[in-house]
Amino acid sequence: MMKYVYLTTGTADFLQKIAEKFKKENITLFFGSDHALLFHETNGKTVFQMPRKYEILESTGSVPVKGYALFHYIPVRDEDSPVFEHELSKRPRRLDNADEFLAARILRPMKNHTYLIITFWKSKEAFKAWKDMEEFAFPDEKDRSIEVNKIKMYAGPSYLNEYYIGLNEIDE
């Protein structure tokens, strides 16, 4: 059965009310620097009215109720999606053994061309420690990033958004 992720953004207060209203759904509230985000993972339809919809290509671990998440948005031209997904499948798998790594989702867009890779960590410090270790352990590895490719397949520059999960740590 196909599994999906739906995302919607807004103010923390408004999204908190939606999350509370649909407690039986698998919905998680994320806090960013200038907005909040609801993450709904399900086999069926979403309760959100105007979500961004993704199909889960790969899933590792469970989305935590508290922690840190890094969203990596990668715009890929439609005609290059199969090549991108093939390159993605060949990448090194080093996250699974990383200290305080909790989960990951690789998401295929359903209505646009921007893939989304989400990694979930116990804390921002845990992510930074892993990133520093990776750069130290593999300084000359040019193919570490999935964005290294021999053809121009990207529809625009990739970008990152970071979120705290479970409570608004940005304000603390």
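Up top is the structure.
Source: prediction; values computed, not measured.

Draft legend 1. Structural detail: the overall build of the protein chain. Assigned secondary structure in the protein chain consists of 3 helices and 8 strands. Seen in sequence order, the protein chain has helices and strands lined up from the N terminus as β-α-β-β-β-β-α-β-β-α-β. For the protein chain, with 172 residues in total, the buried portion stands at 41%. For the protein chain, restricting intrachain contacts to residue pairs at least 6 apart in sequence, the fraction spanning at least 24 positions comes to 76%.

Draft legend 2. Region of the structure containing the side chain of Glu 41. Mapped onto the elements of the fold, Glu 41 is located in strand S3 (residues 36–42). Within the local environment of Glu 41, its side chain forms a polar contact with the side chain of Arg 105, the two groups lying 2.7 Å apart. In this structure, Glu 41 is in contact with Lys 3, Tyr 4, Val 5, Asn 26, Ile 56, Val 63 and Arg 105, ignoring residues within four places of it in sequence.

Draft legend 3. Local environment of the pattern of salt bridges. Enumeration over the complete set of coordinates arrives at 8 salt bridges. Among the ionic pairs, Arg 77 bridges to Asp 80, the shortest N-O distance being 2.6 Å. Note on Asp 80: relative accessible area 8%, which makes it buried. Taking the shortest distance from any N to any O, the salt bridge between Glu 85 and Arg 108 comes out at 2.6 Å. Taken together, the residues Glu 85 in helix H2 (residues 81–89) and Arg 108 in strand S6 (residues 101–109) connect sequence positions 23 residues apart. Via salt bridges that share partners, Lys 3, Glu 41 and Arg 105 belong to a single interconnected network.

Draft legend 4. Seen up close, the environment of Val 76. One can find Val 76 in the loop between strand S5 (67–75) and H2. A residue is classified by how much of its surface remains accessible, and Val 76, at 0% relative accessible area, is buried. Distance from Val 76 to Tyr 154, taken between C-alpha atoms, is 4.4 Å for residues 78 residues apart in sequence. With near-sequence residues (within four places) excluded, Val 76 lies in contact with Ser 81, Phe 84, His 113, Tyr 115, Met 153, Tyr 154 and Ala 155.

Draft legend 5. Looking closely at the nonpolar core. Counting 18 residues, the largest nonpolar core has Leu 7, Phe 30, Phe 39, Phe 71, Leu 116, Ile 118 and Phe 120 as the members making the most contacts within it. Looking at this core, the elements that each hand over two or more residues are strand S1 (4–10), S3, strand S4 (52–60), S5, S6, strand S7 (114–121) and strand S8 (159–165). In this structure, Phe 30 is in contact with Ala 36, Leu 37, Phe 39, Val 63, Ala 69, Phe 71, Phe 120, Tyr 163, Tyr 164 and Ile 165, ignoring residues within four places of it in sequence.

Draft legend 6. Quick peek at unusual backbone geometry. Here Glu 100, not a glycine, exhibits a phi torsion of approximately 65°, which is positive. Relative to the helices and strands, Glu 100 resides in the loop between H2 and S6.

Draft legend 7. Structural view of the sheet that holds S5. If you walk around this closed barrel you meet the 8 strands as S1-S3-S2-S8-S5-S7-S6-S4, and the pairing is antiparallel. Strand after strand, the sheet turns through a mean of 35° between neighbouring axes, direction not considered. Bridge count between strand S2 (residues 27–31) and S3: 5 bridges; the pairing is antiparallel. Across the sheet, Phe 31 pairs through a bridge with Ala 36, a residue of S3. The sheet contacts of helix H1 (residues 12–21) involve S1, S2 and S3, and relative to S3 the element is tilted by about 25°.

Draft legend 8. The side chain of Thr 42, seen in detail. Structurally, Thr 42 is set in strand S3. Thr 42 gets classed as buried once you look at its relative accessible area, which sits at 13%. At 3.1 Å, the side chain of Thr 42 and the backbone nitrogen of Gly 44 are in polar contact. With sequence-adjacent residues up to four places away left out, Thr 42 is seen in contact with Lys 3, Tyr 4 and Tyr 6.

The rules we used
- Residues numbered from 1 in each chain as written.
- Predicted model: local features only at pLDDT ≥ 70, side-chain atom pairs only at ≥ 80, totals over all residues.
- Heavy atoms only, no water.
- Helix = DSSP H or I, 4+ residues; strand = E, 2+ residues; numbered from the N terminus.
- Buried < 20%, exposed > 50% of the residue type's maximum accessible area, 1.4 Å probe, protein only.
- Contact = heavy atoms within 4.5 Å.
- Polar contact = N/O pair within 3.5 Å; in protein donor to acceptor, adjacent residues only side chain to side chain.
- Salt bridge = Lys/Arg side-chain N within 4 Å of Asp/Glu carboxyl O.
- Core = buried A, V, L, I, M, F, W, Y, C linked by side-chain atoms within 4.5 Å.
- Pairing = 2+ DSSP bridges.
- Axes fitted to C-alpha atoms, helices over the stretch in contact; angles between N-to-C directions.

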